[in-house]
Amino acid sequence: MAAELTEFTRALARVPGPVTVATTVDDAGRSWGFTATSFSSLSLDPPLVLICLGKTASTHHAFTSAERFLVNVLAAGQSAVAQRFATSGIDRFAAGDMRPCEFGLPGLDSAPVRLACALHDVLDGGDHSILVGRVEALHTAEGTPLVYCDRAFGGLLPAQ
Ligand SMILES: Cc1cc2nc3c(=O)[nH]c(=O)nc-3n(C[C@H](O)[C@H](O)[C@H](O)COP(=O)(O)O)c2cc1C
C-alpha cells in the first residue's frame, strides 16, 4: 500500500497545476489563507470553480464555514508567496503584501487572476473537502501564471 501511495503521489506530481492562494476572513475578522494547486474550473452556468482543502489543515474550519473566499492565481516569480502560504505555524499575512480586494477579502494586487467566490457547496473528497465556489466577481491582469510540476515551481513555455 505504501509503495502504491508513493507511485500514486509521484504520478500526480508529474501533472502540472496552477498555483493559487485561497483567502478568507472569519467572523472574528481573522484572515486565513493556504496555497493550493488543486484549483479547477467546474461549471460555466452557473460559474463554478473548485479547490480542495485537506481536512486536517488549520484553515479547514475557516474555509468550510466561510460565506465567501478569494482565489488568487499566482504569477511566475511569486513562488515565495506560495511557500509562505503553505508554511505551518507562521503568520502568513505578516509580510503585508495582501490588501483588501473583492468583498474586502485579502488579495494580491499582482495576481494575474483573482476570483471572488461565494461558498456554493462543500463536498466530501476523501481526506480533502472540495470547496465549490460560485464566482461573483473577478479581476484579471497581465502576468504569466506560476506552474507547479514535479514538486518544483516554474513558468509556462511556448509550445514547440
Ligand atoms: C505547491 C503547493 C500546493 C499545495 N496544494 C494544496 C492543495 O491543493 N490543497 C491543500 O489542502 N493543501 C495544499 N498544499 C498544502 C497547504 O498549502 C498547507 O501547507 C497545508 O494545508 C497545511 O497547512 P496548515 O499548517 O494550515 O495545516 C499545497 C502546498 C504547496 C507547497
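These numbers were taken from a predicted model, which means no experiment stands behind them.

Visitor: Sorry if this is basic, but what is going on with the overall build of the chain here?
Guide: Each helix and strand in the chain was counted, giving three helices and 12 strands. Counting every position in the chain, which comprises 160 residues, the buried fraction comes to 37%. The contacts of the chain with a sequence gap of at least 6 include a subset with a gap of at least 24, amounting to 63%. Once the 11 positive and 16 negative side-chain charges of the chain are each reduced to a mean point, those two points are 4 Å apart.

Visitor: So what exactly am I meant to see when it comes to the site of the ligand here?
Guide: Close to the ligand lie 15 residues; S38, C52, S58, A86 and S88 are nearest. In the environment of the ligand, a nitrogen atom lies 2.8 Å from a nitrogen or oxygen atom belonging to the backbone of C52. Protein chains bury 77% of the 630 Å² of accessible surface belonging to the ligand in isolation. Looking at the shell around the ligand, the elements with two or more residues in it are β3 (31–36) and β5 (48–54). Per-class residue counts for the shell around the ligand are seven nonpolar, seven polar and one charged.

Visitor: Quick question: what am I supposed to make of the pairing of strand β9 (residues 113–125) here?
Guide: The two faces of the sheet receive side chains in turn, since in a regular strand these alternate between them. Of the strand pairs in this sheet, strand β6 (residues 68–73) and β9 are connected by six bridges, and their pairing is antiparallel. When the sheet's bridge partners are listed, V71 is paired in β9 with L115. One ladder, built from 12 bridges, connects β9 with strand β10 (residues 128–140); its direction is antiparallel. Looking at β10, one finds that L119 is bridged to G133.

Visitor: Which parts of the structure should I look at to understand the sheet that holds β10?
Guide: With respect to topology, seven strands assemble into an open sheet ordered β3-β2-β6-β9-β10-β5-β4, the strand pairing being antiparallel. Where the open sheet ends on each side, the last strands, each with one partner, are β3 and β4 (40–43). This sheet shows a mean twist of 35 degrees between the axes of neighbouring strands, independent of strand direction.

Visitor: Is there a simple way to think about the sheet that holds strand β1 (residues 17–18) in this case?
Guide: Strand order in this open sheet of three strands is β1-β11-β12, and the pairing throughout is antiparallel. Looking along the sheet, the strands with just one partner apiece sit at the ends: β1 and β12 (152–154). As judged from the three bridges shared by strand β11 (residues 147–149) and β12, these two strands associate in the antiparallel manner. Directly across from V147, in β12, lies its bridge partner G154.

Visitor: I would appreciate a short explanation of the pairing of β3 in the present structure.
Guide: Judged from the six bridges that link them, strand β2 (residues 20–25) and β3 form a sheet pairing that is antiparallel. The residue bridging T23 from the neighbouring strand is G33, located in β3. Hairpin connection between β2 and β3: a loop of five residues separates the two successive antiparallel strands, and G29 in this loop has a positive phi of roughly 90 degrees.

Visitor: Is there a simple way to think about a nonpolar patch on the surface in this case?
Guide: A contiguous nonpolar patch, built from L5, F8, L12 and V15 and spanning about 400 Å² of accessible area, is present on the exposed surface. Assignment of secondary structure puts L5 in helix α1 (residues 2–13). Judged by its relative accessible area of 46%, L5 is partly exposed.

Visitor: Mind showing me how you'd approach the environment of P16 here?
Guide: Following the sequence through the fold, P16 ends up in the loop between α1 and β1. Look at P16 and you get exposed, because its relative accessible area is 55%.

Visitor: I tried to follow the pattern of salt bridges on my own but got confused; where do I start?
Guide: Pairing is possible between side chains of opposite charge, provided their charged atoms come close. For the structure shown, the criterion picks out six salt bridges. Between K55 and D124 there is a salt bridge, and its shortest N-O distance comes to 2.3 Å. Placement of the pair is K55 in the loop between β5 and α2 (60–64) and D124 in strand β9, with a sequence separation of 69 residues. Classification of K55 as partly exposed rests on a relative accessible area of 35%. In this structure D124 comes out as exposed when scored by relative accessible area, which is 60%. Across the salt bridge formed by D109 and R99, the nearest N and O atoms sit 2.5 Å from each other. Separated by 10 residues along the polypeptide, D109 in the loop between β8 (106–107) and β9 and R99 in strand β7 (residues 99–100) bring together distant segments of the chain. Residue class for R99 comes out partly exposed when judged on its relative accessible area of 38%.

Rules and cut-offs
- Residues numbered from 1 in each chain as written.
- Predicted model: local features only at pLDDT ≥ 70, side-chain atom pairs only at ≥ 80, totals over all residues.
- Heavy atoms only, no water.
- Helix = DSSP H or I, 4+ residues; strand = E, 2+ residues; numbered from the N terminus.
- Buried < 20%, exposed > 50% of the residue type's maximum accessible area, 1.4 Å probe, protein only.
- Contact = heavy atoms within 4.5 Å.
- Lys, Arg positive; Asp, Glu negative; His and termini not counted.
- Charge placed at Lys NZ, Arg CZ, Asp CG, Glu CD.
- Near = heavy atom within 4 Å.
- Polar contact = N/O pair within 3.5 Å; in protein donor to acceptor, adjacent residues only side chain to side chain.
- Areas by Shrake-Rupley, 256 points an atom, 1.4 Å probe, with all protein chains shown as cover.
- Nonpolar A, V, L, I, M, F, W, Y, C, P; charged D, E, K, R; others polar.
- Pairing = 2+ DSSP bridges.
- Axes fitted to C-alpha atoms, helices over the stretch in contact; angles between N-to-C directions.
- Patch = residues over 30% accessible without salt bridge, like charges linked within 9 Å, V, L, I, M, F, W, Y side chains within 5 Å.
- Salt bridge = Lys/Arg side-chain N within 4 Å of Asp/Glu carboxyl O.

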